[in-house]
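Structure assessment
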Amino acid sequence: MSETLTGSCQCGAVRYEFSVPIPAAYACHCGECKKQSASAFSMSIPFTFADLTVTGTPSIFETLAHSGKRKYNYFCAGCGTRLWHSNSNPPDAITLKVGTLDHASNIAPIGHLWVSKKQAGITLDPASDQHQTQPEDVAAWRDNLGQ
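Read on for an overview of the structure. Just so it is clear, the structure is predicted and the values come from calculations on it, not from any experiment.

**A word on the side chain of N73**
Within the secondary structure, N73 sits in strand β7 (residues 70-75). In terms of polar contacts, N73 uses its side chain to reach the side chain of T63, at 3.2 Å. Looking at N73, its side chain comes within polar contact range of the side chain of R82, at 3.0 Å. The residues touching N73, leaving out its near neighbours within four places in the chain, are E32, S59, I60, F61, E62, T63, R82, W84 and H85.

**Some details on the pairing of strand β8 (residues 82-86)**
With five of its five residues buried, β8 lies for the most part within the structure. The loop that links β7 with its antiparallel partner β8 comprises six residues; one of these, G80, has a positive phi angle of about 85°. For β8 and strand β9 (residues 93-97), the ladder comprises three bridges, and the chain directions are antiparallel. By the bridge assignment, H85 is partnered in β9 with T95. A loop of six residues connects β8 with β9, the two strands running antiparallel in sequence.

**Things to note about the sheet that holds strand β4 (residues 42-48)**
If you trace the eight strands from one edge of the open sheet to the other, you get β6-β7-β8-β9-β4-β3-β10-β11, paired in mixed fashion. Each edge of the sheet is formed by a strand with only one pairing partner; in this case those strands are β6 (59-64) and β11 (129-130). With five bridges connecting them, β4 and β9 associate as antiparallel partners. Pairing of F47 across the sheet is with I94, part of β9.

**Considerations on the pairing of β7**
Sheet topology note: the β6/β7 ladder contains six bridges and is antiparallel. Considered in β7, the bridge of S59 is made with F75. Relative to β8, β7 is paired through four bridges, and the arrangement is antiparallel. Paired with Y74 across the two strands is W84, which belongs to β8.

**Concerning the pattern of salt bridges**
Within this structure, the stated rule accounts for three salt bridges. For R15, the salt bridge goes to D102, with nearest N and O atoms at 2.7 Å. A residue pair is termed long-range when its members are at least 10 positions apart, and R15 in strand β2 (residues 15-18) and D102 in the loop between β9 and β10 (109-113) qualify at 87 residues. Between E62 and R70 there is a salt bridge, with the nearest N and O atoms lying 2.4 Å from each other. Accessibility expressed as a relative area gives 39% for E62, which makes it partly exposed. The partly exposed category is assigned to R70, whose relative accessible area is 48%.

Definitions and limits used
Residues numbered from 1 in each chain as written. Predicted model: local features only at pLDDT ≥ 70, side-chain atom pairs only at ≥ 80, totals over all residues. Heavy atoms only, no water. Helix = DSSP H or I, 4+ residues; strand = E, 2+ residues; numbered from the N terminus. Polar contact = N/O pair within 3.5 Å; in protein donor to acceptor, adjacent residues only side chain to side chain. Contact = heavy atoms within 4.5 Å. Buried < 20%, exposed > 50% of the residue type's maximum accessible area, 1.4 Å probe, protein only. Pairing = 2+ DSSP bridges. Salt bridge = Lys/Arg side-chain N within 4 Å of Asp/Glu carboxyl O.

Given below as structure tokens:
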């Protein structure tokens, strides 16, 4: 039996919980992820939206990914916290933002995308899976992390 884990936006208006094992985390160092996280990178875990129980209603901001595909960015309208991304609306496969978990201090990225855009002064674990840009099939890469 899996432990129930929870998370939310900064103000708590949108909360979620899940009881499935946490997939392997990865960090993205691209310019868009830096902007959306207001930090040196964004850390995510691939997830199936159906595995989350969500309370509150997130807002959606649509962008185009580097690949040219539509990306739906789900966030709290009250505090602006980015919660997850999906390439569909309604969401199916998502990338959940690790920083929104209530207890995420033990989650470390085992893969890195867009290392060519990495912020100066950030040191990566040499044992991690690193890509200067991104793999041709990012979804397959995410699914195979940690295996």
